[in-house]
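Architecture and fold: a report
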Amino acid sequence: MTTPAPILAIDGLTMRFGGILAINELSFTAQRRQITALIGPNGAGKTTVFNCITGFYRPSGGTMTLVHDDGATFRLDRLHDFRICKYAKVARTFQNIRLFPGMTALENLMVAQHNTLMRASGFSLLGLFGAPSFRAAERQAIDLAREWLQRIGLLDRADDAAGNLPYGDQRRLEIARAMCAQPALLCLDEPAAGLNANESAALSDLLLSIRDDIGTSILLIEHDMSVVMEISDHIVVLDHGVKIADGAPRAVRDNPKVVAAYLGADEEDAAAVMEGGA
Amino acid sequence: MAAPASYPASAEPTAGFAFILKKAVISALVALVLFFLMIGIRTEAGSSGQLIYWTRFGELASIVGAVFVGSIVIELLRRWIGPVGGVELPASVRGGFAVLGRLLAPALLIFALLVPVIFYNQRYLLDLAILVMTYVMLGWGLNIVVGLAGLLDLGYVAFYAVGAYSYALLAQSGLPFPHFIDTYPYVALDFLQLGQWAFWVLLPVSGLLAALWGVILGFPVLRLRGDYLAIVTLAFGEIIRLVILNWQDLTGGPNGISGIPRPTVFGIPLTPGENGFAAMIGVPFSPTHRLVFLFYLILALALITNWVTIRLRRLPIGRAWEAMREDEVACRALGINITTTKLSAFAIGAMFGGFAGAFFATRQGFISPESFSFQESALVLAIVVLGGMGSQLGVALAAIAMIGGFELFRGLDQFRMLVFGGVMVLLMIWRPRGLIGHRAPTVFLQKRTEISASLVKEGHG
Ligand SMILES: Nc1ncnc2c1ncn2[C@@H]1O[C@H](COP(=O)(O)OP(=O)(O)OP(=O)(O)O)[C@@H](O)[C@H]1O
Ligand SMILES: [Mg+2]
């Protein structure tokens with residue numbers, strides 16, 4: 001293989017909401033099998049970037065190119081809605097957890113394998129009459145779900161309603177659910193929000209294992225600087241929809257522009273940036 | 001930042017009597033405004049067209065008073081019997097209930113199979129049983145759309161009508177070619193030459209046509225949610241009825257269609273003649289045979305509906321329906337095509353409505369637009385809601401309770417609706433999530449634990 005193309009290349013991405021310019025000519029790349037963090041003060045436009053990548057918003061301008069390991073290339077700015085997950089294999093979590101609260105943890109992970117199972121069930125016709133090929137596919141899906149429940153330590157709560165799980169477990173279950181869609185790129189919107197120090201550390205381990213053991217590339221939005229500095233390979237800093245810094249964690253931490261942006265926004269965050277990773 | 005996702009809402013007995021009083025006063029005020037013109041002032045056109053009016057403030061006052069008192073009573077009842085679930089029953093009692101619950105469905109099924117044997121000589125009860133089963137089937141059909149997919153459909157009767165008219169028009173008569181015979185009533189003209197097989201060939205056709213209409217009506221409402229979806233589907237139901245009413249050439253308009261072929265036992269007619277079913281098996285002819293056959297027919301159709309629904313729920317499509325009810329945005333992020341998922345729910349729900357419609361047409365032998373009014377949609381929806389959205393057993397129980405109860409109160413004449421409404425209100429206070437309010441998971445690793453209704457979303461409706 002020649003030098004691998006970045007998994008995601010964003011070029012000149014612009015998103016306008018009426019008069020608001022939420023993202024302005026944003027360009028960055030996310031490398032394959034790396035964790036790329038997207039940070040910035042509140043309202044910087046991070047979630048909006050995610051919504052553009054995952055097809056919830058149609059960008060006002062710019063291109064987003066995703067390249068799979070096998071070279072298959074997808075223009076995310078031309079693909080929409082569910083197709084981004086189904087074909088381009090980009091899965092995401094949400095800033096406010098969006099599990100299916102009335103379904104069990106296991107069922108949540110099964111729904112994530114919808115497209116694989118749908119094909120195996122012959123669009124329900126084979127499945128209706130219990131075809132052996134479908135049953136085998138379903139067993140496989142359950143095995144994958146069980147594996148992920150094991151990874152996030154929720155195996156013994158597999159049959160509990162997702163809405164009944166503690167907050168930290170819900171966060172991890174949402175990540176597991178996204179991973180059950182077998183994505184090439186995993187987008188996580190503030191996965192550490194609301195977690196305590198122990199849970200944050202466990203989360204860091206989980207993300208590192210997703211990168212190293214599964215080989216999935218991760219795009220990470222996070223305010224918790226200890227997590228960001230510890231696990232990211234690359235950091236992109238956004239402020240008011242504009243990229244103000246882009247580089248290795250250490251370089252970004254020492255970048256005066258970044259410190260200024262955070263100082264302007266919130267003293268605590270600025271302090272966190274400075275202390276993070278130390 | 002993000003609040004922990006929904007925890008079971010705990011009943012809060014905080015508000016005291018002042019709150020109840022305030023609520024009652026507000027209700028009374030609303031009633032006053034609402035009824036002031038409707039009841040307080042009576043207008044009539046006089047002999048020469050002038051306006052005559054007089055006031056009826058006494059009646060108005062009594063109604064507003066009744067609303068005030070009623071509001072207090074309902075609020076107190078709500079406190080008193082409250083939604084169950086907050087009460088923890090001892091383990092032994094709960095175990096007993098669980099056993100009963102598990103036995104209930106088989107017991108009901110066995111009873112249903114025996115109904116024609118037990119009530120063989122009571123035509124009225126057999127008729128009623130057929131009616132109840134029809135509503136069970138309609139309830140199960142609508143349950144796919146409302147209970148599983150969470151799409152509030154107030155126009156389900158449209159598919160019932162499409163099924164009935166598809167069967168009636170295709171099976172019978174020169175209606176599609178009125179110029180052949182331009183007198184009314186049109187004589188039956190079996191233009192498809194299906195003979196005794198008409199019902200069996202046209203039953204699937206009617207279902208498929210209804211499913212097609214499910215998709216056609218589903219497209220425009222794909223983007224609508226909640227109240228908007230409800231209103232538009234309601235309008236669709238009315239449009240179909242009005243088209244049937246006004247397209248006289250095809251449907252016979254308000255006169256309806258008569259002489260619809262009766263069902264046959266797979267080609268053998270249920271008639272007294274030589275080649276009738278009774279002669280065939282060597283028993284004297286009785287008109288009850290047809291009733292018994294109709295009962296088993298609708299029972300079989302309903303059980304097929306139930307079987308398909310239960311199977312579909314455990315397939316990816318069914319899980320996608322429920323996931324869509326829980327959170328549509330998350331579904332899209334997981335690569336689920338919301339358009340096809342919604343349309344498939346509409347289509348399959350409509351298909352069962354179409355089957356039920358074809359059955360209705362063959363049972364009655366006569367159909368007219370009157371049978372497909374909004375009231376039918378509302379009744380079927382009430383059955384689904386009362387049953388507990390998504391619960392197959394609950395829907396069956398609710399259909400029995402509603403249709404049976406309706407007959408039970410027949411002696412009360414004009415007060416029937418009033419009593420019925422009152423009972424419904426009490427039931428919904430007692431069990432706000434329906435008779436069977438919990439959800440059974442579709443797949444499990446260790447054990448199947450019921451999910452409490454407070455966690456399960458009701459969809460956009
Ligand atoms: N759908 C929308 N319509 C209008 N404005 C929007 C919309 N979505 C986002 N915005 C605006 O875009 C800007 C960026 O919002 P965004 O949610 O992307 O910020 P963020 O970086 O994720 O912030 P936080 O750290 O608080 O999550 C905000 O000013 C927001 O008001
Ligand atoms: Mg955000």
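What you are looking at is a predicted structure, and each value in this text was computed from that prediction instead of being measured. (Residues numbered from 1 in each chain as written. Chains lettered and ligands numbered in written order. Predicted model: local features only at pLDDT ≥ 70, side-chain atom pairs only at ≥ 80, totals over all residues. Heavy atoms only, no water.)

Some words on the overall build of chain A
Summing up its helical and strand segments, chain A has 12 helices and 10 strands in all. Taking 2.2 N^0.38 as the reference for a compact globule, 278 residues should give roughly 19 Å; the C-alpha atoms of chain A span a radius of gyration of 19 Å, in line with that estimate. When its C-alpha atoms are laid out on the principal axes, chain A stretches across 65 × 45 × 40 Å. A total of 278 residues make up chain A; the buried ones form 59% of that total. Long-range pairs, those at least 24 residues apart, make up 65% of the contacts in chain A with a sequence separation of at least 6. (Helix = DSSP H or I, 4+ residues; strand = E, 2+ residues; numbered from the N terminus. Rg over C-alpha atoms; globule rule 2.2 N^0.38 Å. Buried < 20%, exposed > 50% of the residue type's maximum accessible area, 1.4 Å probe, protein only. Contact = heavy atoms within 4.5 Å.)

Focus on the site of ligand 1
Residue and element names in this part refer to chain A. Surrounding ligand 1, one finds 13 residues, the nearest of these being Asn42, Lys46, Thr47, Thr48 and Gln95. Gly43 has a polar backbone atom sitting 2.9 Å from an oxygen atom of ligand 1. Contacts to ligand 1 include Thr47, whose side-chain N or O atom sits 2.6 Å from an oxygen atom. Bound to the protein, ligand 1 loses 65% of the 630 Å² it would expose on its own. The residue makeup of the shell around ligand 1, split by class, is four nonpolar, seven polar and two charged. (Near = heavy atom within 4 Å. Polar contact = N/O pair within 3.5 Å; in protein donor to acceptor, adjacent residues only side chain to side chain. Areas by Shrake-Rupley, 256 points an atom, 1.4 Å probe, with all protein chains shown as cover. Nonpolar A, V, L, I, M, F, W, Y, C, P; charged D, E, K, R; others polar.)

Concerning the packing of aromatic side chains
Inspection of the entire model under this criterion finds 12 aromatic pairs over all chains. Note on Phe295 of chain B and Tyr296 of chain B: the rings are 5.8 Å apart at their centroids and 70 degrees apart in plane angle, and the pair reads as edge-to-face. Accessibility expressed as a relative area gives 32% for Tyr296 of chain B, which makes it partly exposed. Joined through ring pairs, the aromatic side chains of Tyr160, Tyr165, Phe360 and Phe372 of chain B make up one cluster. For the cation-ring pair, Arg151 of chain A lies above Trp148 of chain A, with the distance from its terminal atom to the ring centre recorded as 4.9 Å. Between Arg177 of chain A and the ring centre of Phe100 of chain A, over which it is positioned, the NZ or CZ distance is 4.7 Å. (Phe/Tyr/Trp six-rings, centres within 6.5 Å; stacked < 30°, edge-to-face > 60°. Lys NZ or Arg CZ within 6 Å of the ring centre and 35° of its normal.)

Quick word on the interface of chain A and chain B
Facing 53 residues of chain A, the contacting portion of chain B comprises 44 residues. The contact between chain A and chain B buries some 4000 Å² in all, and 65% of this surface belongs to carbon and sulfur atoms. Considering only the side of chain A, the residues that lose the most area to chain B are Phe82, Leu128 and Asp159 of chain A, jointly responsible for 16% of the buried surface there. Here Asp81 of chain A makes a salt bridge to Arg332 of chain B, at a shortest N to O gap of 2.6 Å. Linking chain A with chain B are nine residue pairs in polar contact (both at pLDDT 80 or more), by the criterion used here. Among the secondary structure elements, those contributing two or more residues to the side of chain A that touches chain B are helix 2 (82-86), strand 6 (90-92), helix 3 (105-111), helix 4 (114-120), helix 5 (125-128), helix 6 (132-151) and helix 7 (167-180) of chain A. If you tally residues by element for the side of chain A that touches chain B, the top one is helix 6 of chain A, at five residues. Looking at the side of chain A that touches chain B, its residues break down into 27 nonpolar, 13 polar and 13 charged. (Buried area = accessible area lost by both parts, 1.4 Å probe. Salt bridge = Lys/Arg side-chain N within 4 Å of Asp/Glu carboxyl O.)

A look at the coordination of the magnesium ion (ligand 2)
Expected angles at a metal are 109.5 degrees for tetrahedral coordination by four donors and either 90 or 180 degrees for octahedral coordination by six donors. Residues and elements named next belong to chain A. Every protein donor of the magnesium ion (ligand 2) is accounted for by Thr47 (OG1) and Gln95 (OE1), and the metal-donor separations fall at 1.9 to 2.2 Å. Taken as a pair, Thr47 in helix 1 (residues 46-53) and Gln95 in the loop between strand 6 and helix 3 lie far apart in primary sequence, 48 residues in all. The exposure class assigned to Gln95 is partly exposed, which follows from its relative accessible area of 24%. (Donors = N, O, S within 2.8 Å, 3.2 Å for Na, K, Ca; no water.)

Things to note about empty space enclosed by the protein
Residues and elements named next belong to chain B. Counted under the stated rule, the structure contains five cavities of 30 Å³ or more. Of the pockets and cavities examined, the largest cavity occupies roughly 70 Å³. Around the largest cavity, the lining residues are Asp153, Gly155, Ala158, Phe159, Leu217, Gly218, Val221, Thr233, Phe236, Gly237 and Phe346. Going through the elements one at a time, helix 5 (157-171), helix 6 (198-218) and helix 7 (226-246) are the ones with two or more residues in the lining of the largest cavity. Element by element, the count of residues in the lining of the largest cavity is highest for helix 7, at three residues. In the lining of the largest cavity, the residues fall into six nonpolar, four polar and one charged. (1 Å grid on protein atoms, 1.4 Å probe; cavity = no way out; pocket = protein on both sides within 12 Å on 5 of 7 lines; lining within 4 Å. Points joined across faces, edges and corners; volume = space filled by probe spheres on them.)

What to know about the sheet that holds strand 5 (residues 73-75) of chain A
All names here are of chain A. Strand order in the open sheet formed by four strands is 2-1-4-5, with antiparallel pairing between adjacent strands. Looking at which strands have only one partner, the edges of the open sheet turn out to be strand 2 (20-30) and strand 5. Here the average twist between neighbouring strands, direction ignored, is 20 degrees. Two strands pair when backbone bridges link them, and strand 1 (residues 8-17) and strand 4 (residues 61-67) are joined in this way by five bridges, in the antiparallel orientation. (Pairing = 2+ DSSP bridges. Axes fitted to C-alpha atoms, helices over the stretch in contact; angles between N-to-C directions.)

Observations regarding the domain arrangement of chain B
Residue and element names in this part refer to chain B. The domain boundaries assigned to chain B delineate domain 1 (17-81) and domain 2 (113-452). The distance between the C-alpha centroids of domain 1 and domain 2 comes to 38 Å. Counting residues at the interface gives four residues for domain 1, matched by four residues for domain 2. Seen at the junction of domain 1 and domain 2, the total is zero salt bridges. Our count for the contact surface shared by domain 1 and domain 2 stands at zero residue pairs in polar contact (both at pLDDT 80 or more). In terms of residue class, the side of domain 1 that touches domain 2 is built from three nonpolar, no polar and one charged. (Domains from an automatic or database assignment.)

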